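Fold and geometry: a report
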Amino acid sequence: MAGKRKSNDHDLRTEILRLVRDPKYRPLDKIEIADALGYDASRRNEVRRALRDLEQEGGIARIRKNRYVLPDSADLVTGTLSVHEAGYAFLTNEKPGQSDLFIAAENTGTAMHGDRVVARIIRGAEFSRARTPRAEGRVIRILTRANETIVGTLQQTRNFFYVVPDDPRLVHNIYVQPAVAADDRKPGRRSQTAAAVGDKVVVRLEAWESRHVNPEGQIIELLGPRTAPGVDILSIIRKYHLPVEFPRAVLEEASAISQTVTADAIDGREDLRGQFIVTIDPDDARDFDDAIHVEESKSGWQLGVHIADVSAYVRPGSALDREAQRRGNSVYLPDRVIPMLPERLSNGVCSLNPHVDRLTHSIFLQFDRNGRMRQARFARTVIRSAHRLTYKEAFAILKNPARGELGERLHTAWKLAALLRRKRFEHGSLDLDMPEVKVVVDKKGKPTRFERVENDESHQLIEEFMLAANEAVARELKNRGIPTIYRIHENPDAERLGEFREFVLAHGIRVGDLTHRGEVQKLLAAITGTAEEHPLKIGLLKSLKRARYATTPLGHYGLAKTNYTHFTSPIRRYADLEVHRALADRNLARGRSRTMPQLSAIADHISATERNAAEAEIDAVKMKKLEFFESQLETRNPQVFDAVVIDVRNYGLLVELPEILLTGLIHVSTLADDFYVFSPAQRRFVGRQRRRTFAVGDKLRVHVARVDQFKRQIDFAVADLRPVQDRRQRQRRK
């Protein structure tokens, strides 16, 4: 019955679209559309439901007097709103190949960052006042609110309380009325929602109808004082709706799984326990889902990539599977990991710990002496890892002469990895890797120091082997026509690349037509090691499309690969678990249990959870950096850091701290040793008396001067400046 209704709904939607596309169509309301289609009063609910679904999808739009039209015919655009903290926004057009809209702050209405909205074009790109011509619009309808709740800090004026959202892109403060229970008026007692000024709280938004007044909400959870240990990460968890606890059914299912590999589980698998197989992971890793071994011969190399066979334990449709799919991926925060699977699996029987038997899914790749892959074989196996290496240990081995079997094996592996890496870049792959900074926290979650993680040879070795395995699996599944989930990175829009090119030229760097891959590679090579490398790479990434999951193998632009998927991290990514199942079932006559619509829905869902996790991780690291520098302000002798000038504006110097990967401002007013004049043509400041200059690329020593937790901004001051003395002061000293 449900299937028949779904089919009828689809037919009705097709009829509606045929009606509104008719050249003679005039805007009609829902009753008039029902009459035009021959639906009587008893079936108007069907029409109403179909119209609502089509409007939500952006297929039609509702205009004045609740009449429906095609969006294009009324200059309407449907998309997601991205708000800048200054108030203006951009509307990402949902139609492929269509340009984004600029939305001025006064034209956003009551829409907030992340909302899915309909906007009307009010000024064409040809009439745009911006440096980069872009059509302008005005939000006329909100289809979906991105946030039902908002996390922020409670503040108070003379007359009312309000919450400042943690996300600076939510530019409106939320008016609230703190809840005070009768028994909570006693000293030292507060209810869960009886918050005090300075507390972190969760607010449920109420309907916001008029931009002339601020949005209002109700405090539904008190997280604690902003500076209390653990409150910052708890606020991140609430802000991004991250799951903390596993449901009881999931834990019970996990507890029933044996922590050792039984003889029955090994039966029928290829036995690799005699192979010299190793894992290489971060120092603090607790789940090891990939292992390698490499053999060299006269004709080339054989690479074995062995991935934890999570699919042997997590069955489709089980409680474990449903929860893993809901979470989509693990989330890595500075003080904890929020795993996709319970620790009994992720750190236990699924983890490829050394010297114990583990079930794996293995890929054997044959490469010739030129690095060309000649053969690929796939098998379900059992291994026993011989060594658990950290990246630092592996790097130390690679940087010294090979000693012992471990050293010989690792050096052999690097010979193959280095060849594959060189071939990959020759084929057009883009070097978009950037160093990462790990925040080290104490037991209370307080940041104590930062560790810069470089993409050195040990990381590159594992990266190349995982890329090769992912590509081989994608090719195998594609050639066999097996439905699965691919990792895709679509070609960028020429318009976005053109805007990025203007950004590069503004930095004084010569660059060609970036729609040609070779020119992008030349640019990346030219900026390597320069002060502008990090901000320009970030700018390039923003101009490219975001990688995502899909059921169609559209290729990967950044890696320059036609076939690509994710296979090598099933402990922490649900996409990989699905791909494991597809590979394991490839020879079964009955085919896969998942239908293409099911896989497509899963791909969309895990693309969203991945984006959410990435934003949460970035936000948490930024929060810890702010906390660290805020504590520096309280010390008598704040720490001095190396900084590089990455841009010069008329109001000051934008600097980056390379060891922390943090950007801040040195305001021109703090350059107290002289009166500095801004030279826009040369993008530098010049002192009138001493002629000292500050320009892009200059290396400075700085200390923190100001931290704004609400705006997420840090100001620095140059550490070695001496204030200039005027003539009277010098005469007095004489």
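Attention here is on the structure that accompanies the text. The structure presented is a predicted model; accordingly, all values stated were derived computationally and were not measured.

Basis of the calculations
- Residues numbered from 1 in each chain as written.
- Predicted model: local features only at pLDDT ≥ 70, side-chain atom pairs only at ≥ 80, totals over all residues.
- Heavy atoms only, no water.
- Helix = DSSP H or I, 4+ residues; strand = E, 2+ residues; numbered from the N terminus.
- Buried < 20%, exposed > 50% of the residue type's maximum accessible area, 1.4 Å probe, protein only.
- Contact = heavy atoms within 4.5 Å.
- Polar contact = N/O pair within 3.5 Å; in protein donor to acceptor, adjacent residues only side chain to side chain.
- Pairing = 2+ DSSP bridges.
- Axes fitted to C-alpha atoms, helices over the stretch in contact; angles between N-to-C directions.
- Phe/Tyr/Trp six-rings, centres within 6.5 Å; stacked < 30°, edge-to-face > 60°.
- Lys NZ or Arg CZ within 6 Å of the ring centre and 35° of its normal.

By the secondary structure assignment, Y39 is in the loop between helix 2 (30-36) and helix 3 (44-57). Given the relative accessible area of 9%, Y39 is considered buried. Setting aside residues no more than four positions away along its own chain, Y39 makes contact with L12, E15, A34, E46 and V47. A polar contact of 3.4 Å, which involves the side chain of Y39, links it to the side chain of E15.

With antiparallel pairing, five strands are arranged side by side in an open sheet as 10-9-8-11-12. The sheet is open, and its two edges are formed by strand 10 (174-176) and strand 12 (217-225), each paired on a single side. Taking each pair of neighbouring strands and ignoring which way they run, the sheet shows an average axis angle of 40 degrees. Examined bridge by bridge, strand 9 (residues 161-165) and strand 10 share three bridges and lie antiparallel to one another. Bridge pairing in strand 10 places Y162 opposite Y175. Packed onto the sheet, helix 4 (residues 231-239) meets strand 8 (149-156), strand 11 (199-205) and strand 12 and runs at close to 150 degrees relative to strand 12.

With that settled, consider the packing of aromatic side chains. Summed over the entire model, instances satisfying the criterion amount to 13 aromatic pairs. Their ring planes at 55 degrees and their centres at 5.3 Å tell us that Y676 and F694 sit as a pair that is tilted. Of this pair, Y676 sits in strand 29 (residues 676-679) while F694 is found in strand 31 (residues 693-695), placing the two residues 18 residues apart along the sequence. With relative accessibility at 0%, the residue F694 sits in the buried group. Here a set of aromatic residues connected by ring pairs shows up, and it is made of F450, F628, F629, F641 and F716. Over the ring of F425 we find R424, and its NZ or CZ is 4.7 Å from the ring centre. Sitting above the plane of the Y549 ring, R487 keeps its charged end 4.6 Å from the centroid.

Turning our attention to the sheet that holds strand 30 (residues 684-687). As a general point, the strands of a sheet are linked pairwise by backbone hydrogen bonds and lie either parallel or antiparallel. Pairing within the open sheet is antiparallel, and its three strands lie in the order 29-30-31. The open sheet has two edge strands, strand 29 and strand 31, and neither has a second partner. This sheet shows a mean twist of 20 degrees between the axes of neighbouring strands, independent of strand direction. Looking at chain direction, strand 30 and strand 31 are connected through three bridges and run antiparallel. Residue pairing for strand 31: V686 is matched across the bridge by T693.

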